[in-house]
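# Geometric and topological summary
Each chain is listed here by its residues.
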Amino acid sequence: MTGWRVFPLILVACWAGVAWGQVLPWRGGVARVDITPEQPIWLAGYAARSRQAEGSLHPLWAKALVLDDGHGNRFALVTLDLVGDNFGRQLSESIADAVARRTGIARSHLVLNFSHTHCGPVSRVTDGAKVTYPLDERQRALIAQYSKDVESKIVHAVQQAATTLQPVSIWFGTGRATFAANRRTYIRPNGPVDHSVPVLKVANEQGKAIAVVFGYACHATTLGPDCYQYNGDYPGFAQIALEQQLPGATAMFVAGCGGDINPAPRGTVELARQHGETLAQAVHDVLTGPMHPVRPPLRAAFRRVALPFVDPPTREELLARRGQGDRYDQRLTEVLLERFRRQGFLERSYPMPVHVIRFGTDLTLVALGGEVVVDYALRLKKDYPDLRLWVAAYCDEVFAYVPSERVLAEGGYEGGGAMRYFGWHGPFQPGIEQRILSAIDQMLKETAPDNRRAATRPAPAHSP
Ligand SMILES: [Zn+2]
């Protein structure tokens, strides 16, 4: 093509750029708050620790991103450098209520995500925490105060993000990092993994990132129970590396379906830093290549899907079981008896939180509660090849592992062995995978874009 023909094309491209800006009426805001405990609280994630935290390697953060699609629909994402296992439904619902009251952002449009760092504090004295950790009265009092503090800090961060909205464009791309390894090798060598790294860039009018949201499906367990310093493990180091590379941007990690996945190798702070920098590099590669523009409108659905447990024991059976088994079995028996006293029954199911957030036709976020195993992300991406899908787990609350039908049948830790650490009497019943997938399918239908108002195909990639 000769020069004189190129010139008008550049003009057309510039005009299209202006028009593109006009059809992208997003507004976005970010805020962050330090949630590192001021007191030495027991660290969550490993039952094997023998004492409370001793200082920190770097701060733990709650970070909030609020996006407004220009049609009155607002979405809030909060990422947290916390394990999440003992956060609890009561705390996540209380935060959702306060956010709705103060910002008007509905429950369906708010997602909390836990990085699942195993070097964050126990954040609530749940029944699971009572089984897992030997918490004395002083620790229980410190944790109760921390729960209150972290709740108000999270609500404040969302409120602050919602009051600092500015015009933004949104871009999506997917990278790859390979340090995630399936950890159920004792049952199945070479189990499945998901090495994808979804990346969302929120850029201001000058094209500069104000937020970079990225995901990975892998436990934040590079550091073992011998670490006693608060830190974010590899997601914490990845966020630090990205914020150094992108001054002014808030880096936010979203945990994926890594319930049965661990980093490899693991065991030292240096390895946590190395995995973090590997992940940051994968994100950086996406940001410097062509990305897909993400267009409105925003649509969201939320529901709680009942996952039935196996039949619970009777009170008499529990009384007969007292003092039996190891220390965790014994504590579980006491916790279940206490629950009988408190409420008169044991739960027969857990209402798992499930979100579907549609960003027009360009991106769909499926955000699931619990420690969801990798099979769900792989299955959903296979079942919906036409959707650009981001599957997150560890959302809202981390109530148990969520096994696939395969993992439930195989058993082991994620298949049911870990239930006692969450304060549950036994595993989920078969049929769990179909229950969850059917709910997601219905929610995808409910939020399907209206063809009259929105393009029906995802936009192609180009440089932001
Ligand atoms: Zn876990």
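Because the structure is a prediction, the values reported are computed rather than measured. (Residues numbered from 1 in each chain as written. Predicted model: local features only at pLDDT ≥ 70, side-chain atom pairs only at ≥ 80, totals over all residues. Heavy atoms only, no water.)

### Topic: unusual backbone geometry
Glycine aside, the phi torsion of most residues is negative, and most peptide linkages are trans. We count it as follows: Helix and strand definitions follow DSSP, with helices as H or I runs of at least four residues and strands as E runs of at least two, each counted in order from the N terminus.
Here alanine 264 and proline 265 are connected by a cis peptide whose omega angle stands at -5°. Topologically, proline 265 is positioned in the loop between β11 (261–263) and α6 (269–287). Of note in this structure, aspartate 233 is not a glycine but carries a positive phi near 50°. Along the chain, aspartate 233 turns up in helix α5 (residues 233–245). Positive phi, normally seen in glycine, also occurs at tyrosine 394, with a value near 55°. Relative to the helices and strands, tyrosine 394 resides in the loop between β17 (389–392) and β18 (401–402).

### Some points on the coordination of the zinc ion
Put simply, the rule is: The donor set covers N, O and S atoms within 2.8 Å of the metal, switching to 3.2 Å for Na, K and Ca, and it leaves out water, so a site may look short of donors. For a four-donor site, all angles between 85 and 135 degrees give tetrahedral; for four or six donors, opposite pairs above 155 degrees with the remaining angles between 65 and 115 give square planar or octahedral; all remaining cases count as irregular. Only protein chains enter the area calculation, which uses a 1.4 Å probe; residues under 20% of their type maximum are buried, those over 50% are exposed, and those in between are partly exposed.
Here the zinc ion is held by His116 (NE2), His219 (NE2), Glu371 (OE) and Tyr401 (OH), and the distances to it run 2.0 to 2.8 Å. If you look at the zinc ion, its 4 donor atoms make angles of 83 to 174° with each other, and the shape they trace is irregular. Mapped onto the polypeptide sequence, the residues donating to the zinc ion form the spacing pattern H-x102-H-x151-E-x29-Y. Highlighted residues: histidine 116 in the loop between β4 (110–114) and α3 (127–132) and tyrosine 401 in strand β18, separated in sequence by 285 residues. The pair formed by histidine 116 and tyrosine 401 is uniform in burial state, with each residue classed as buried.

### Here we look at the packing of α5 against α6
This is how the line gets drawn: Only the stretch in contact is used when fitting a helix axis, every axis being a line fitted to C-alpha atoms; angles between N-to-C directions are given from 0 to 180 degrees. Angle categories are assigned with fixed cut-offs, so that under 35 degrees is roughly parallel, over 145 is roughly antiparallel, 65 to 115 is roughly perpendicular, and the rest are oblique. Rotating anticlockwise by less than a right angle from the far helix to the near helix defines a left-handed crossing, while the corresponding clockwise rotation defines a right-handed one. Contact between two residues is taken to exist if any of their heavy atoms lie within 4.5 Å; hydrogens are not considered. The nonpolar class holds Ala, Val, Leu, Ile, Met, Phe, Trp, Tyr, Cys and Pro. Asp, Glu, Lys and Arg form the charged class, and all remaining residues, Gly among them, are polar.
Running from N to C, α5 and α6 cross one another at 50°; their axes reach a closest spacing of 7 Å. The angle between the axes of α5 and α6 places the two elements in the oblique class. The two elements α5 and α6 cross, and the hand of that crossing is right-handed. Residues Asp233, Tyr234, Phe237, Ala238, Ala241, Leu242 and Gln245 of α5 pack against Val269, Ala272, Arg273, His275, Gly276, Glu277, Leu279, Ala280, Val283 and His284 of α6. Split into classes, the residues belonging to the contact of α5 with α6 amount to 10 nonpolar, 4 polar and 3 charged.

### Here's the deal with helix α4 (residues 137–162)
Residue pairs three or four apart in sequence face the same way in an α-helix, which turns once every 3.6 residues. Our working definition: The span you would expect from a helix comes to 1.5 Å times its residue count less one. Nitrogen and oxygen atoms within 3.5 Å of one another constitute a polar contact, given that in protein one can donate a hydrogen and the other can accept it, and given that sequence-neighbouring residues count only through two side-chain atoms.
In this model α4 runs 38 Å from its N-terminal to its C-terminal C-alpha over 26 residues, within 8% of the 38 Å that 1.5 Å per residue would give. Between the side-chain oxygen at the start of α4 and the backbone nitrogen of arginine 138 there is a gap of 3.2 Å, and the oxygen is on aspartate 136.

### Considering α6
Here α6 is 19 residues long and its end C-alpha atoms lie 27 Å apart, about the 27 Å a rise of 1.5 Å per residue gives. Burial in α6 covers these residues: Leu271, Ala272, His275, Gly276, Leu279, Ala280, Ala282, Val283, Val286 and Leu287.

### Some details on the packing of aromatic side chains
How we decide: Aromatic rings from Phe, Tyr and Trp, with only the six-membered ring used for Trp, were paired whenever their centres fell within 6.5 Å, and each pair was classed as stacked if the ring planes differed by under 30 degrees, edge-to-face if by over 60, and tilted otherwise. Criterion for a charge above a ring: Lys NZ or Arg CZ within 6 Å of the ring centre, and within 35 degrees of the ring normal.
For the structure shown, the criterion picks out 17 aromatic pairs. Taking the centre distance of 6.1 Å and the plane angle of 45° together, the rings of tryptophan 26 and phenylalanine 359 count as tilted. Residue tryptophan 26 is located in the loop between α1 (3–22) and β1 (27–34), and its partner phenylalanine 359 is located in strand β14 (residues 349–359); the two are separated by 333 residues in the primary sequence. The class of tryptophan 26 is buried, set by a relative accessible area of 1%. Taking 4.9 Å as the distance between ring centres and 35° as the angle between the ring planes, the aromatic pair formed by phenylalanine 309 and tryptophan 424 counts as tilted. Remark: tryptophan 424 occurs in the loop between α11 (412–417) and α12 (432–446) and phenylalanine 309 occurs in the loop between β13 (298–308) and α7 (315–321); sequence separation between them is 115 residues. The two residues phenylalanine 309 and tryptophan 424 agree in class, both being buried. Note that arginine 49 overlies the ring of tyrosine 228, its terminal NZ or CZ placed 6.0 Å from the centroid. In this structure, arginine 51 is placed above the aromatic ring of tyrosine 228, and the distance from its NZ or CZ to the ring centre is 3.8 Å.

### A short note on the sheet that holds strand β8 (residues 196–203)
By way of backbone hydrogen bonds, the strands of a sheet pair with one another, either parallel or antiparallel. Heads up, the rule is: Strands are labelled as partners when DSSP assigns at least two bridges between them.
Pairing is mixed across the open sheet formed by 5 strands, whose spatial order is β10-β9-β8-β6-β12. Strand pairing shows two members of the sheet lacking a second neighbour, β10 (250–255) and β12 (292–293), which therefore form its edges. Where β8 lies against strand β9 (residues 209–216), 5 bridges are found, and the strand directions are antiparallel. Considered in β9, the bridge of valine 202 is made with alanine 211.

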